[in-house]
Amino acid sequence: MRIVGPNCLGVMNPNTGLNATFAGGIARPGSVGFLSQSGALLTAILDQSFRENVGFSSFVSVGSMMDVGWGDLISYLGDDPKTKSIVLYMESIGDARSFLSAAREVALTKPIIAIKAGRTEAAGKAAASHTGSLTGSDEVLDAALRRSGVLRVDEISELFDMAEVLGKQPRPKGPRLTVITNAGGPAVLATDALIGNGGELAEVSDETMEKLDGFLPGPWSHGNPVDVLGDAGPERYAKTLETAADDPESDGLLVILTPQDMTDPTATAEALAPYARSTGKPVLASWMGGPEISAGESILNNAGIPTFDYPDAAARAFADMWRYTYNLRSIYETPRLATQNGAVDRDRAGELIENVRHAGRAILTEYESKELLAAYGIPTVETRLARAAEEAVEIAEDIGYPVVLKLDSETITHKTDVGGVRLNLGDAGDVTRAYEEMERRIGEEYSPEDFAGVTVQPMVSLDGYELILGSSPDPQFGPVLLFGSGGQLVEVYRDRALALPPLTTTLARRAMERTRISEALDGVRGRAPVDREALEKLLVRFSQLVVEQPRIKEMDINPLLASPERLLALDARVVLHEPEVADEGLPHSAIRPYPTQYIFEEELKDGEPVVVRPIRPEDEPLMVKFHGSLSEQSVYMRYFHMMNLDQRTAHDRLTRICFIDYDREMALVAERENPVSGGKEILGVSRLSRHGSAREEAEFSVLVSDAYQRRGVGTLLLEKLLEVGRAEGLRRITADILFDNYPMQRISRGLGFELRRDTQDMVMKAELDLYSPA
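Each value, and the rule that gives it
- Residues numbered from 1 in each chain as written.
- Predicted model: local features only at pLDDT ≥ 70, side-chain atom pairs only at ≥ 80, totals over all residues.
- Heavy atoms only, no water.
- Axes fitted to C-alpha atoms, helices over the stretch in contact; angles between N-to-C directions.
- Helix = DSSP H or I, 4+ residues; strand = E, 2+ residues; numbered from the N terminus.
- Parallel < 35°, antiparallel > 145°, perpendicular 65-115°, else oblique.
- Left-handed = near helix turned anticlockwise from the far one by under 90°.
- Contact = heavy atoms within 4.5 Å.
- Nonpolar A, V, L, I, M, F, W, Y, C, P; charged D, E, K, R; others polar.
- Expected span 1.5 Å × (residues − 1).
- Buried < 20%, exposed > 50% of the residue type's maximum accessible area, 1.4 Å probe, protein only.
- Arc of directions from axis to C-beta.
- Core = buried A, V, L, I, M, F, W, Y, C linked by side-chain atoms within 4.5 Å.

Asks: Can you help me understand the packing of helix α12 (residues 311-332) against helix α18 (residues 505-513) in this one?
Replies: A pair of packed helices can be characterised by two numbers: the angle between their axes and the separation between those axes. Interhelical geometry of α12 versus α18 gives an angle of 140° and a closest axis separation of 7 Å. Taken together, the axes of α12 and α18 are oblique relative to one another. The two elements α12 and α18 meet at a crossing, and its hand is left-handed. Mapping the contact onto sequence places Tyr-326, Arg-329, Ser-330 and Ile-331 in α12 and Thr-506, Leu-507, Arg-510 and Glu-513 in α18. Among the residues forming the contact of α12 with α18, the class breakdown is three nonpolar, two polar and three charged.

Okay, structure coming up:
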C-alpha cells in the first residue's frame, strides 16, 4: 500500500467524485492536475476556484512525502487522459532523481508549471522548518527545473495563467511577439514586460508593412507595436491580426483593446475568435476595462484565446511560453557527439583517484589534477614535477624560458594565497630564487611537509579569455556544474551559469549562452571568435568526468584559457570525498549518466566485430539511416502496424527513442564500422521498458536491419538485454510477439522464455522470470 503524506490535506479526483480530504467541498471537474505541499494553500485555491469556475482533474496535498513523492504523482498525472497540464506548489524536492526523471518524461506532452517557495534565505529556512526537508540552493533548483522542462513562475496567479495558456495555445517557435493595440500606453507597458522577461518585439517585414499600409489609416504606428488607432472596429482588428499572423518574422500575437467611444469590445472579440487556432501561433488578448468588456472576454476565453486584465501580464505570459519551449528544445535538440570511442581513459582516471584515496588523502596535487583532466581529453598546459631547485632549472631550460613555478602540495590547494605561484621567470637565477623563497615561506607559515616541490610550466600568453569550469555538490541534486568568467576576480564578477550533469553539446551551449562572457567568445572589437564547438565538447567531457568518477567532491579549472587558437587548462583543483566514505555513501548525480558499464565488444556468428551499447541522444542521425534499411514486413512485425519512413524518422518520434531516461528504460544498439563510408552503422535496436510503477517488471522489443537478419544480431541484442535486466534488478521480462513472427519466437524460446498463445490479443505472450522466489 502506498501512502500520501503524512501532514497533508488529502486527495481529490473531481472527475470520479472522490474527496478523501477534510476540505469543505470538492473541486469542479477540469483538466488541471494540482499538486501542493501546503494544505492551507490548497484550500484557499479550492475556494477561489469555485468563484472563478476553474476545474481540476486531480487535487493532491503531498504533505511530507514519506512515501509517495513528486515523481510518483507527476508520472500518474502524465498517464491520466483527463489531465492536460500540471501545476505544482513546492517547498522541498524530496527524491530529486525521481522528480527530474518523471518531469522530463511528462513535460514533453503536458506542460508542468511550478512555483517553489524559499527563494530567499529566510524563506528557505521557513520552508525547511515547515516540511522537515532540505530546501537546497535556489539557483541549483532553477538549473534542475530548466533541465527537466518544468516552467518556474514567481506568483501563484501565474501558475494557473500559464496552465491555461499552454493548454489552449500552441507553443511559440521563437521569442518574437507582435503587439496589436488601439492605444499607445498599454502597448508600451507590454513591450517593457516582454523585453524584461527575455522576449523580443517582432520586426515587421517589408511585405507585411505594405499590406498593413493598404488598409490601415495613414497615422497608424508603421511598426511594432501595431497601433490600429482608437477608432478601430472589429473588421480592422481582424484583418490586422490575420496579416500580422502571416508574417514569418513573428512567433506570436498579443491583441490589446481599451474601451473607447468608437470601440465595440464584444463584436471585436467575435471577429477575433476564429483566429484562436488557425494561425499556428499563440494568440493572447488583453481586454482592458470593467463590465463593458466582460462579454468580449468570455467570447475569447470560450474560443480558446486566453485573456488578461493587463497587457504587461499577457506579455510576461508569452515570454514564459517561449522560455518553456526553449527549455524543452534544449533538452531534446539533437546534439553532436563529443567523445569518440577511446578518447576517454576511464580506467586511468579511476586508478589515479584510488591511488590518492589509498594514500589517505582527499586533495589532489595540481599535477595529479591535470593528469585526471588529461584522461578525459581535456587539454592542459605542459606540467612537470621538480623536487629540488636544480631539477626545476633543468626542466625550465628544457621547456624554454620564460616559465611558471607553482607550489606542489598535498595539503594546500589555493596556491596564490600563499605565494605559491611565480610567473614569467626568465632565467635560471629567477627559477632558483623562486623555488627557495616558496620553500622557505611554506616551511615558516605551514610546515616543511606541506612543501613537496614545484611544478614547472611554460609561461603561456594570456591572449584570450579566462574562463572557469567547476563542479561542487548540492545536498539535493548531487554534483552541479558551473561555467563562467574565470581568473582571480571570479567571485567579484559572479558571471556564471549552473547546470546539472551529464551534459550534451546542446546543453553545454545553452549554459554558455546564459553568461555575459558568451558574447565575447563570438569575437568582439576585431578579435577572432573562440571555437565554441570545441568548447562545448570540452564541457561535455568535463561533465562525464564528474558523473563517472563519483569520488570527486569538488573540482575546478581556473583559468581555462579560451582563445581562437586553443583551449587550455592552466590550473586545476580537485578535492575528493574523504577516503573513509564507502562507495555506497557517495552522492550521485540527479540525472543518471550514460551507463558505460553496458558497453560490450562482441562478434556475430560469422566473426564480424560489433559493439553493443546503450543508445544515446547523438544517435538520431544513425537511427534515421537504420530505419531506411527496414522493410515493411520488419516494421510491421515490430510495431504491429505500418508506418512510412517519414513517420518513423520524424524528429519528435526519434526524440522519444534516442533521448531516454536510463532509470525508466534501457535501449541497446548493435553497431559496426562501415568499411565503405568509414562511419558507424546501427544494425539493430533492443529495448527494455518498465511497466509503469512496477519497477521490477519490463517489456522487451527487438528490431534488426533486414540486411543483418539471421546473422545472430537479434539473439545477441536480447542476450545483452537480459544481462542488463538482471543488473538493473528486474525480476520479470515479458513481450507480445505476433503469431507469424517466428524468428522472434524462436530466439525467445532459445533464451528461456515461456510462450503462450493469447487468442484475445492475437499475440504470443513471452514471459521470463529472471529470479525465482527464494
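So, next bit.
Asks: Even after reading the chapter, I still don't get unusual backbone geometry, so can you show me in this structure?
Replies: Glycine aside, residues mostly have negative phi, and peptide bonds are mostly found in the trans state. Going from Tyr-401 to Pro-402, the amide bond is cis rather than trans, its omega being -5°. Examined against the element boundaries, Pro-402 turns out to sit in the loop between α15 (389-399) and β14 (403-407). Between Pro-501 and the following residue, Pro-502, the backbone shows a cis peptide bond with an omega angle of -5°. Following the sequence through the fold, Pro-502 ends up in the loop between β19 (496-499) and α18. Not every positive phi belongs to a glycine, and Leu-229 is a case in point at roughly 80°.

Asks: Any chance you could explain helix α7 (residues 184-196) here in plain terms?
Replies: End to end, α7 covers 18 Å across 13 residues, agreeing with the expected 18 Å (1.5 Å per residue, within 8%). Turning to α7, its buried residues number three or more, namely Pro-186, Ala-187, Ala-190, Thr-191, Ala-193 and Leu-194. All buried residues of α7 fall inside an arc of 170° around its axis, so they share one side. Every exposed residue of α7 that faces more than 90 degrees away from the buried side is listed here: Asp-192 and Gly-196. Next to the buried residues of α7 lie β8 (176-181), β9 (200-201), β11 (252-257) and α12. Trailing α7 by a residue or two, Gly-198 shows a phi angle of about 95°, which is positive.

Asks: Sorry, what's going on with the nonpolar core here?
Replies: For soluble globular proteins, the rule of thumb is that nonpolar side chains tend to be buried together. Formed by 131 residues in total, the largest nonpolar core has its most connected members in Leu-88, Phe-99, Phe-477 and Phe-700. When residues in this core are grouped by element, the largest group, nine residues, is from α12. In this structure Phe-700 touches Arg-687, Leu-688, Leu-718, Leu-721, Ile-733, Thr-734, Ala-735, Met-744, Ser-748 and Phe-753, once residues within four positions along its chain are discounted. The next biggest cluster of nonpolar side chains, apart from the first, holds 44 residues, and it includes Ile-517, Val-530, Met-555 and Ala-569.

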